[in-house]
Amino acid sequence: NNIDLVIPKNPYWADNGILIADPDGFKIVFAIRHLVLESIDDLTKQVKDNGLLNWNDLIEFVKALPYGRNANREDLSLVLLEKKGTCSSKHAFLKKVADLNGFENVKLILAMYRMNHINTPKIGDTIAKHGLDFIPEAHCYLMLNNQRIDITNSQSDIERLRNEILEEIEINADQVNVFKVDYHKLYLEQWIAQNGIDSSFEKVWEIREACIRQLEA
């Protein structure tokens with residue numbers, strides 16, 4: 001724990017290993033064994049029908065997909081079929097595939113973080129113009145061997161949000177639907193009450209939805 005990853009100069013190890021620095025400053029490379037998708041379930045079969053035969057290739061494929069809400073939040077296979085997804089559907093989809101294939105140390109994390117125009121530039125001044133410094137936003141990502149991994153889009157970097165995270169909990173893949181939304185709404189209601197925010201929950205949620213539409217644009 002609390003060991004930071006180092007970006008290797010050799011691109012091979014960026015794709016096929018993990019580089020860390022020990023307390024004495026020596027660099028250590030851990031080679032990554034490609035985890036083969038071997039389950040015979042329908043979801044894994046759909047993945048393999050897309051030419052994705054191992055875990056690393058699947059992660060890179062999903063990360064490259066554009067951001068967008070799927071037609072049915074409960075159907076994780078739509079990430080493949082519609083070739084898009086949100087932080088919820090993309091990471092829940094990966095978690096589901098990992099579970100079906102028996103991959104260990106893959107956790108799905110639901111976090112609340114301070115969303116503002118600095119860490120989320122695409123929302124512009126939508127939050128600030130309503131007199132708010134930030135809005136607590138729900139965000140999903142994976143924890144792989146205790147390292148946070150965000151594949152929401154090709155530019156995602158969870159390190160940009162590390163200092164903005166307010167709370168983290170582990171959830172199951174099927175909890176990104178009703179549970180995540182209810183959890184987020186309850187958190188917002190408590191935040192508004194505890195911080196004396198001069199806006200109703202409905203107004204803050206409306207501002208939040210406007211931000212999401214800007215992210216999808």
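Since this is a predicted model, take the numbers as computed values, not measurements.

1. Looking at the nonpolar core
Here is step 1 of the chain: Grouped together as the largest cluster of nonpolar side chains are 33 residues, with contacts concentrated most on Val47, Trp55, Leu58, Phe93 and Leu94.
Here is step 2 of the chain: For this core, the elements supplying multiple residues, two or more each, are helix H2 (42-49), helix H3 (55-64), helix H4 (78-81), helix H5 (87-100), strand E4 (106-115), strand E5 (135-144) and helix H6 (178-194).
Here is step 3 of the chain: Here this core takes six residues from H5, the largest share from any one element.
Here is step 4 of the chain: Counting residues in hydrophobic clusters, the runner-up holds 23 residues, among them Met115, Tyr141, Met143 and Trp205.

2. Some remarks on unusual backbone geometry
Here is step 1 of the chain: Phi is positive for Lys83, which is not a glycine, with a value near 55°.
Here is step 2 of the chain: Of note, Lys83 is situated in the loop between H4 and H5.
Here is step 3 of the chain: Here the phi dihedral of Asn105 falls at roughly 60°; this positive angle occurs in a residue that is not glycine.
Here is step 4 of the chain: Examined against the element boundaries, Asn105 turns out to sit in the loop between H5 and E4.

3. Let's talk about the side chain of Glu137
Here is step 1 of the chain: Along the chain, the position of Glu137 falls in strand E5.
Here is step 2 of the chain: Take Glu137: its relative accessible area is 4%, and that puts it in the buried class.
Here is step 3 of the chain: Residue contacts for Glu137: discarding those within four places in its chain leaves Ala111, Met112, Tyr113, Met115, His184, Arg208 and Ile212.

4. Topic: the pattern of salt bridges
Here is step 1 of the chain: In this structure the tally under the stated criterion is nine salt bridges.
Here is step 2 of the chain: With a closest N to O distance of 3.2 Å, Asp49 and Lys45 form a salt bridge. Residue Asp49 and its partner Lys45 are both found in helix H2; the two are separated by four residues, about one turn of the helix.
Here is step 3 of the chain: Owing to a relative accessible area of 47%, Lys45 belongs among the partly exposed residues under this scheme.

Cut-offs and rules
- Residue numbers here run from 1 along each chain, matching the order of that chain's written sequence.
- Totals for whole chains, interfaces and linings use all residues, but because this is a predicted model, local features are given only for residues with pLDDT of at least 70 and pairs of side-chain atoms are given and counted only at 80 or more.
- Side-chain metrics in this entry use all non-hydrogen atoms of the structure; hydrogen atoms and water are not considered.
- We define the nonpolar core as a collection of buried residues of types Ala, Val, Leu, Ile, Met, Phe, Trp, Tyr and Cys that are connected through side-chain atoms lying within 4.5 Å of one another.
- Residue burial is assigned from relative accessible area. The probe radius is 1.4 Å, only protein chains are included, and a residue is buried under 20% of its type maximum, exposed over 50%, and partly exposed in between.
- Elements are defined by DSSP. Helices are runs of H or I of four residues or more, strands are runs of E of two residues or more, and each kind is numbered from the N terminus.
- Contacts are assigned to residue pairs with any non-hydrogen atoms lying within 4.5 Å of each other.
- Counted as salt bridges are all cases of a side-chain nitrogen of Lys or Arg within 4 Å of a carboxyl oxygen of Asp or Glu.

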